[in-house]
Amino acid sequence: MLFLRNVMATIKENNVFLLSGQRACSWLAAQNCIVGLKAPQTYRQEDGGYITKVHQSLVIVSGDAFPHSVLKKWQEERPEGTIYHPLSNDEKMRVTDFCNQVQIDN
């Protein structure tokens, strides 16, 4: 079993944010992101990022460049039913710690 803790050392805490809303997962899937049905579960993305699905309407987006590309798409589209939540430095640390405990789906 591989946990995010094993790869989190390469992920900077400043590259973490939340997306919430009834359409958060479906919007990410429409952007060719991998988001499965299990929660909590972390889904590895093709470009080195991670999406941690906390539950149906809350996800954590993390990685190096991946969060920036997702945020850029979100800012361009402003999808209805999906809310971007930036985090304070303390919140980023706590969210990252949570992600360290969630299993990665390979």
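That block above? That's the structure.
Criteria and thresholds
Each chain has its residues counted from 1, following the order in which its sequence is written. With the structure being a predicted model, the display of local features is reserved for residues of pLDDT at least 70 and the display and counting of side-chain atom pairs for 80 or more, all residues being used for whole-chain, interface and lining totals. Each side-chain value is worked out from all heavy atoms of the structure, with water and hydrogens disregarded. Helical segments are the DSSP runs of H or I of at least four residues, strand segments are the runs of E of at least two, and each set is numbered from the N terminus. To sort residues, take the accessible area from a 1.4 Å probe on protein chains only and compare it with the maximum for the residue type: under 20% means buried, over 50% means exposed, and anything in between is partly exposed. Identification of polar contacts relies on pairs of N or O atoms within 3.5 Å, with a donor-acceptor requirement for protein atoms, meaning one able to donate a hydrogen and the other able to accept it, and with residues adjacent in sequence counted only if both atoms are side-chain atoms. In this analysis, strands are considered paired if DSSP registers two or more bridges between them.

Asks: Please set out the side chain of Thr 96 residue by residue, giving values where relevant.
Replies: Structurally, the position occupied by Thr 96 is in helix α3 (residues 89-100). Relative accessible area serves as the criterion here: at 4%, Thr 96 is assigned to the buried category. Side-chain polar atoms of Thr 96 contact the backbone oxygen of Lys 92, separated by 2.7 Å.

Asks: Run through the pairing of strand β4 (residues 58-62), naming residues and quoting values.
Replies: If a strand is regular, its side chains alternate between the two faces of the sheet. With respect to burial, β4 is a largely interior element, 4 of its 5 residues being buried. Inspection of the sheet shows strand β1 (residues 16-20) paired to β4 by 5 bridges, in the antiparallel sense. Within β4, the position partnered with Val 16 by the bridge is Ser 62. Across 5 bridges, strand β3 (residues 50-55) lies against β4 in antiparallel orientation. By the bridge assignment, Thr 52 is partnered in β4 with Ile 60. Hairpin remark: β3 followed by β4, antiparallel, with 2 residues in the connecting loop.

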